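As a plain string of letters, each chain reads:
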Amino acid sequence: MPYKAPSPSAAQSQVILTGFLVCRSLEESDRVAHLLPEHIGLTRAEPGCVLFEVIRSMADPVRFAVREIFASRADFEAHQARVAASQWGQSTKGIPRDYMLTDGRGQRRFPIPSPD
């Protein structure tokens, strides 16, 4: 899905998440790669999803670059709720992530819920 630049007013309401999902083993990384196509398809079909990319590093196959853009905070929060209850969310819970969140309030680290 090609990225289409938003208007300046829309850009201020967007939520952008960027960073990395870093698996602890090749086995875990392969499990993530297996789950990705469905996760990507479901996310891109969500209302408000402007862009969603997860790309496995060729140089370091346990590392995945993540970039998400949602049209609004409400769209992003709905995505987070759906993911938490999904197979992806349950299967990848506890895998380390290093994410930054950018929105109208600036840029900050995005806290990933700790594994229970």
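Everything quoted here is computed from the prediction, not taken from an experiment.

**Considering the overall build of the protein chain**
- Scanning the protein chain from N- to C-terminus turns up four helices and five strands.
- Along the protein chain, helices and strands appear, N-terminal first, in the series α-β-α-β-β-α-α-β-β.

**What about the pairing of strand 4 (residues 97–103)?**
- For strand 1 (residues 15–22) and strand 4, the ladder comprises six bridges, and the chain directions are antiparallel. By the bridge assignment for strand 4, L21 is matched with R97.
- Examined bridge by bridge, strand 4 and strand 5 (residues 106–109) share four bridges and lie antiparallel to one another. Directly across from M100, in strand 5, lies its bridge partner R109.
- Counting the residues in the hairpin turn of strand 4 and strand 5 gives two residues.

**Structural notes on helix 3 (residues 73–84)**
- Taking 1.5 Å as the rise per residue, helix 3 with 12 residues should run 16 Å; its terminal C-alpha atoms sit 17 Å apart, in good agreement.
- D75, F76, H79 and V83 are the residues of helix 3 that are buried. For helix 3, the angular spread of buried residues about the axis comes to 100 degrees, placing them on one side.
- Of the surrounding secondary structure, the elements contacted by the buried residues of helix 3 are strand 1, helix 2 (26–44), strand 2 (49–56), strand 3 (63–70), helix 4 (87–92) and strand 4.

**Examining the side chain of D103**
- Structurally, D103 is set in strand 4.
- The class of D103 is buried, set by a relative accessible area of 12%.
- Side-chain polar atoms of D103 contact the side chain of R73, separated by 2.5 Å.
- Among the polar contacts listed, one links the side chain of D103 to the backbone nitrogen of R105, at a separation of 2.9 Å.

**Re the pattern of salt bridges**
- Throughout the structure, instances matching the rule amount to 10 salt bridges.
- In this structure, R82 and E46 form a salt bridge, with 2.4 Å as the shortest nitrogen-oxygen distance. Of the two residues, R82 sits in helix 3 while E46 sits in the loop between helix 2 and strand 2, which places them 36 residues apart along the sequence.
- Note on E46: relative accessible area 11%, which makes it buried.
- Residue E53 is joined to R67 by a salt bridge in which the shortest nitrogen-to-oxygen separation is 3.0 Å. On the criterion of sequence distance, the pair formed by E53 in strand 2 and R67 in strand 3 is long-range, its members being 14 residues apart.
- A single salt-bridge network, built from bridges that share partners, covers R73, E77, D103, R105 and R108.

Here is what the cut-offs are and how they apply
- Residues numbered from 1 in each chain as written.
- Predicted model: local features only at pLDDT ≥ 70, side-chain atom pairs only at ≥ 80, totals over all residues.
- Heavy atoms only, no water.
- Helix = DSSP H or I, 4+ residues; strand = E, 2+ residues; numbered from the N terminus.
- Pairing = 2+ DSSP bridges.
- Expected span 1.5 Å × (residues − 1).
- Buried < 20%, exposed > 50% of the residue type's maximum accessible area, 1.4 Å probe, protein only.
- Arc of directions from axis to C-beta.
- Contact = heavy atoms within 4.5 Å.
- Polar contact = N/O pair within 3.5 Å; in protein donor to acceptor, adjacent residues only side chain to side chain.
- Salt bridge = Lys/Arg side-chain N within 4 Å of Asp/Glu carboxyl O.

So far we have only geometry, and geometry alone does not tell us how the molecule works.
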